[in-house]
Amino acid sequence: MASQSTLLSIIIGAAVFALVFAVWLARWVLARGTGTDSMRAISNAIQEGAEAYLARQYKTIGVLAVAVALLLALGYGVLRQTTATDPVSDPKVLATFITLSFLLGALCSGVAGFMGMWISIRANIRVAAAATESLNAALQAALRGGAVSGFFTVAMSLLGVGGLFAILTLVSPAGVTADAWATKIPFLIVGFGFGASFVALFAQLGGGIYTKAADVGADLVGKVEAGIPEDDPRNPAVIADLVGDNVGDCAGRGADLFESTAAENIGAMILGVTLYSAFGVAGILFPLVIMAFGIVASVVGVMIVKTDGVEDPMAALNRGFYVTAALATVGLFVACRWLLNVPVAPDAWWHFFGAGLIGVLTSVAFVYITQYYTEYRYRPVKSIAEASQTGPATNIIMGLSVGMESTVLPVITIGIALISSFMLGRSSGLVDASGAPMGGLFGTAVATMGMLGTAGYILAMDVFGPITDNAGGIVEMSKQPESIRDKTDRLDSVGNTTKALTKGYAIGSAALAAFLLFSAYLDEVRNYTGAALTVDLSKPQVFVAGLLGAMLVFWFSSLAIRAVSKAAQSVITEVRRQFKERPGIMAGTEKPDYAQCVDIVTKGALRAMVLPGALVIAFPIVVGVAFRMLGAPGERLGAEAVAGFLRVATIAGILMAGFLNNGGGAWDNAKKYIETGIYGGKKSDAHKAAVVGDTVGDPFKDTAGPSLHVLIKLLSTITLVLAPLFI
């Protein structure tokens with residue numbers, strides 16, 4: 001069996017390797033050409049707007065994070081009673097560990113999001129310039145630019161969790177053995193996942209509001225009312241729209257996937273503690289080793305992507321994903337054979353390898369399912385385009401139908417993955433002191449790790465989307481030849497698909513992770529109380545708590561979509577004003593005031609993100625504390641009510657996220673399908689109806705939907721961190 005120092009060396013070494021590789025990729029991308037003076041002027045405007053927004057957003061998030069950290073310190077260090085089962089006996093020491101890990105998680109999440117945006121706003125012009133050479137040059141520049149964000153995000157997560165574990169192994173209390181201390185460390189670093197989720201929610205929500213308010217405003221006035229093309233330089237909202245791609249799809253998604261990997265790793269480590277008697281520290285660090293092997297697989301996947309210019313770029317990206325998934329599977333096999341092969345259960349390792357393989361196959365399944373519902377080669381999107389012939393109303397009705405239908409296959413896939421991985425783990429031969437099987441939940445954890453093994457490549461595909469979108473905008477606004485625009489259009493179309501695919505992947509990973517984190521919550525309650533927690537939804541209090549969880553998902557989605565509507569109304573009013581008062585804009589003799597639209601959207605997004613985010617943080621705390629006070633002594637009603645709240649909120653959130661993401665993606669590609677020339681093409685009545693449907697779907701797929709992924713996991717990490725307060 002590998003020693004703890006060996007495993008930590010592999011984990012931290014892989015994280016450092018990923019950071020070094022990300023720096024090399026960044027230097028490679030930045031060495032590409034930057035095109036003409038007109039292209040650089042547009043790119044500089046995008047860069048200036050994105051950096052200004054992110055600086056203001058992070059200041060707001062920073063103030064909120066400090067306030068939450070102070071509350072954690074106060075709650076753990078002063079208000080809460082110490083128990084014999086606490087990881088450390090001194091409440092002030094416990095409060096210090098939890099608070100500092102929260103702040104570190106928040107900081108790392110912010111850095112991951114910033115790096116995603118930093119590279120994207122510099123890669124966009126280089127992709128545009130590369131398109132003047134060849135499609136392959138542009139494809140590689142875009143994917144490698146996205147990969148900088150992907151590897152930086154995964155590396156920061158691995159370095160944060162693994163580094164915290166390594167540091168805490170050096171500060172074990174007097175009288176506590178190294179083995180006993182290793183089982184307590186995961187409970188001391190749960191704050192890291194909470195901090196990561198906290199920042200990710202605000203980053204994703206604020207960026208989503210920004211990008212879609214600008215997009216909706218630009219599309220409705222530009223395409224529908226003025227009849228000008230997308231990314232036309234005469235549209236005053238076009239720079240804000242291009243800025244939004246970066247702060248929403250790059251900064252927000254980087255923070256989102258960072259918290260996914262961090263929170264899931266910590267949850268799996270907590271479940272690994274329950275199997276310490278069989279696997280030792282190898283079971284606790286196993287999730288981090290899987291992530292380390294996944295980094296190597298993603299490096300290979302990114303580097304092999306290329307196209308001959310004739311092949312569909314999506315085929316090249318898919319090939320890279322399949323290679324990454326195959327190599328991640330090999331790494332999973334090696335890790336299971338090496339770390340989970342123990343004499344007490346000689347068959348356990350291949351059972352858990354099977355569970356991990358299920359996770360890998362689930363990620364592939366979600367790619368296919370999302371493609372089916374969001375690409376215009378398939379029936380769902382074609383049905384929306386066909387309905388557009390009879391107007392916006394039928395387009396919207398059909399889009400809602402497709403979005404609702406799109407929840408079926410993901411739920412079936414998630415159900416199969418959870419049950420089969422649980423059964424494999426349960427039949428692994430691991431038993432507790434009474435002889436009862438005990439590996440089932442760890443099987444679901446390994447499945448989650450299998451799905452996250454390709455996270456580096458998945459995030460590269462995600463950031464590929466906004467980079468190519470911006471590149472197309474730069475080419476359009478700088479009035480480059482049609483042949484160059486054709487190349488960027490091909491990449492932009494692929495980018496829309498990759499963004500949808502990664503959101504589908506995020507839903508699947510969020511579903512598996514939510515079950516993992518819920519199981520970790522139950523284990524944490526058992527660790528603090530010494531008894532298993534039974535969650536009985538037939539209790540009126542627990543049922544009501546569940547209703548509140550489902551209601552929160554709908555309320556949060558409403559606030560997110562409403563925020564887009566309000567900010568978009570301000571943008572529309574401003575664009576109309578400029579067109580009316582300055583006729584030289586449409587004549588091409590006067591330059592629009594881009595900065596005014598950027599400022600409007602920035603203020604609107606930052607103002608609107610606070611209330612929904614505060615609700616998500618406050619709700620589980622209020623439910624846990626209120627029902628704890630209602631319960632009888634020793635009943636643990638607060639912990640049980642929070643478990644019911646979390647269960648139902650997770651179910652509602654998964655379904656709502658799938659509906660919003662896939663429905664919005666289908667509306668978007670129905671519009672693009674018509675723009676290929678079908679049903680009259682651009683400027684036809686069908687196209688105008690499809691643009692309306694697309695604007696309805698915009699806040700679905702890029703604001704509320706992606707934010708729900710984070711909401712699901714943030715609720716789980718909050719309950720993990722605050723579980724002692726509910727008991």
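Above this text is the structure in question.
To keep things clear, this report deals only with the structure shown in the data block. Computed from a predicted model, the values in this text were never measured in an experiment. (Residues numbered from 1 in each chain as written. Predicted model: local features only at pLDDT ≥ 70, side-chain atom pairs only at ≥ 80, totals over all residues. Heavy atoms only, no water.)

### Things to note about the overall build of the chain
- The helix and strand tally for the chain stands at 23 helices and 0 strands.
- Relative to the compact-globule value of 27 Å for 727 residues, the chain shows a C-alpha radius of gyration of 25 Å, a close match.
- In the chain, which comprises 727 residues, the proportion classed as buried is 64%.
- Residue pairs in contact within the chain that sit at least 24 positions apart in sequence constitute 85% of those at least 6 positions apart.
- For the chain, the computed accessible surface area is about 23600 Å², with 65% contributed by carbon and sulfur atoms.
- When the 49 basic and 50 acidic side-chain charges of the chain are each reduced to a single mean position, those positions are 2 Å apart. (Helix = DSSP H or I, 4+ residues; strand = E, 2+ residues; numbered from the N terminus. Rg over C-alpha atoms; globule rule 2.2 N^0.38 Å. Buried < 20%, exposed > 50% of the residue type's maximum accessible area, 1.4 Å probe, protein only. Contact = heavy atoms within 4.5 Å. Areas by Shrake-Rupley, 256 points an atom, 1.4 Å probe, with all protein chains shown as cover. Lys, Arg positive; Asp, Glu negative; His and termini not counted. Charge placed at Lys NZ, Arg CZ, Asp CG, Glu CD.)

### Some details on the packing of aromatic side chains
- Summed over all chains, the structure comprises 23 aromatic pairs.
- When the ring of Phe17 is compared with that of Phe21, the centres are 6.3 Å apart and the planes differ by 25 degrees; the resulting orientation is stacked. Of this pair, Phe17 and Phe21 both sit in helix 1 (residues 4–30), 4 residues apart, which is roughly one turn of that helix.
- With a relative accessible area of 37%, Phe17 lands in the partly exposed category.
- Summarising the aromatic geometry, the rings of Phe659 and Phe700 are spaced 5.9 Å apart at their centres and angled 55 degrees between planes, so their arrangement reads as tilted. Of this pair, Phe659 sits in helix 22 (residues 637–675) while Phe700 sits in helix 23 (residues 685–726), placing them 41 residues apart in sequence. Like Phe659, the residue Phe700 is buried in the burial classification. (Phe/Tyr/Trp six-rings, centres within 6.5 Å; stacked < 30°, edge-to-face > 60°.)

### Notes on a nonpolar patch on the surface
- A cluster of nonpolar side chains, namely Phe17, Val296, Val300, Ile304 and Leu327, defines an oily patch on the protein surface of about 360 Å² accessible area.
- Among the secondary structure elements, Val300 is positioned in helix 9 (residues 281–303). (Patch = residues over 30% accessible without salt bridge, like charges linked within 9 Å, V, L, I, M, F, W, Y side chains within 5 Å. Salt bridge = Lys/Arg side-chain N within 4 Å of Asp/Glu carboxyl O.)

### As for unusual backbone geometry
- The residue Lys479 is not glycine, and still its phi comes out positive at about 60 degrees.
- Relative to the assigned elements, Lys479 resides in the loop between helix 16 (455–477) and helix 17 (482–529).
- Here Lys479 falls in the exposed class, since its relative accessible area comes to 69%.
- Residue Arg636 is not a glycine yet carries a positive backbone phi of 55 degrees.
- Along the polypeptide, Arg636 turns up in the loop between helix 21 (610–630) and helix 22.
- Using a relative accessible area of 22% as the deciding quantity, one classes Arg636 as partly exposed.

### Observations regarding the pattern of salt bridges
- Evaluation of the coordinates by the stated rule reveals 24 salt bridges.
- Ionic pairing is found between Asp37 and Arg40, a salt bridge with its closest N-O pair at 2.3 Å. With Asp37 and Arg40 both in helix 2 (residues 37–79), this residue pair falls 3 residues apart, about one helical turn.
- Judged by its relative accessible area of 58%, Asp37 is exposed.
- Across the pair Glu581 and Arg577 runs a salt bridge whose closest N-O atoms are separated by 2.8 Å. Taken together, the residues Glu581 and Arg577, both in helix 18 (residues 540–581) and 4 residues apart, mark about one turn of the helix.
- Accessibility expressed as a relative area gives 53% for Glu581, which makes it exposed.

### A look at the environment of Ala14
- By the element assignment, Ala14 lies in helix 1.
- You can call Ala14 buried: its relative accessible area is 10%.
- Distance from Ala14 to Phe579, taken between C-alpha atoms, is 54 Å for residues 565 residues apart in sequence.

### Quick word on the nonpolar core
- Grouped together as the largest cluster of nonpolar side chains are 259 residues, with contacts concentrated most on Phe279, Phe286, Phe442 and Tyr521.
- Take this core: its biggest share by element is 20 residues, from helix 4 (residues 135–169).
- Those residues in contact with Phe286, other than ones at most four positions away along the chain, are Leu332, Ala335, Cys336, Leu339, Leu340, Phe442 and Val446. (Core = buried A, V, L, I, M, F, W, Y, C linked by side-chain atoms within 4.5 Å.)

### Digging into the packing of helix 13 (residues 392–405) against helix 22
- Between helix 13 and helix 22, whose axes approach to 8 Å, the crossing angle comes to 135 degrees. With respect to each other, helix 13 and helix 22 are oriented oblique. Here helix 13 and helix 22 pass one another in a crossing that is right-handed. On helix 22, the residues that touch Asn395, Ile396, Gly399, Leu400, Val402, Gly403 and Met404 of helix 13 are Gly658, Phe659, Gly663, Ala666 and Trp667.
- Here the residues of the contact of helix 13 with helix 22 are counted per class, giving 7 nonpolar, 5 polar and no charged. (Axes fitted to C-alpha atoms, helices over the stretch in contact; angles between N-to-C directions. Parallel < 35°, antiparallel > 145°, perpendicular 65-115°, else oblique. Left-handed = near helix turned anticlockwise from the far one by under 90°. Nonpolar A, V, L, I, M, F, W, Y, C, P; charged D, E, K, R; others polar.)

### Focus on the packing of helix 12 (residues 379–387) against helix 22
- Running from amino to carboxyl end, helix 12 crosses helix 22 at an angle of 65 degrees, the nearest separation of the two axes being 8 Å. With respect to helix 22, the axis of helix 12 lies roughly perpendicular. Once helix 12 is placed against helix 22, the crossing between them reads as right-handed. The segment helix 12 lies against helix 22, with Val381, Lys382, Ile384 and Ala385 engaging Ala666, Trp667, Asn669, Ala670, Tyr673 and Ile674.
- A breakdown of the residues in the contact of helix 12 with helix 22 according to their chemical character gives 8 nonpolar, 1 polar and 1 charged.

### Description of the environment of Ile266
- Mapped onto the elements of the fold, Ile266 is located in helix 7 (residues 238–273).
- By relative accessible area, Ile266 is classed as buried at 2%.
- Ile266 sits 254 residues away from Ala520 along the chain, and the two C-alpha atoms are 8.9 Å apart.
- Each residue touching Ile266, except ones within four places of it in the same chain, is listed here: Val161, Pro186, Ile189, Val190, Phe192 and Gly193.

### Description of helix 21
- The end-to-end C-alpha separation of helix 21 is 30 Å, in line with the 30 Å expected for 21 residues at 1.5 Å each.
- Where helix 21 bends most, the angle comes to about 30 degrees, and this point is Ala618, followed within four residues by the proline Pro620.
- Buried residues of helix 21: Pro612, Gly613, Leu615, Val616, Ile617, Phe619, Pro620, Val623, Gly624 and Phe627, and no others.
- Elements in contact with the buried residues of helix 21: helix 6 (190–226), helix 18, helix 20 (594–608), helix 22 and helix 23. (Expected span 1.5 Å × (residues − 1). Bend = angle between axes of the 7 residues up to and from the residue.)

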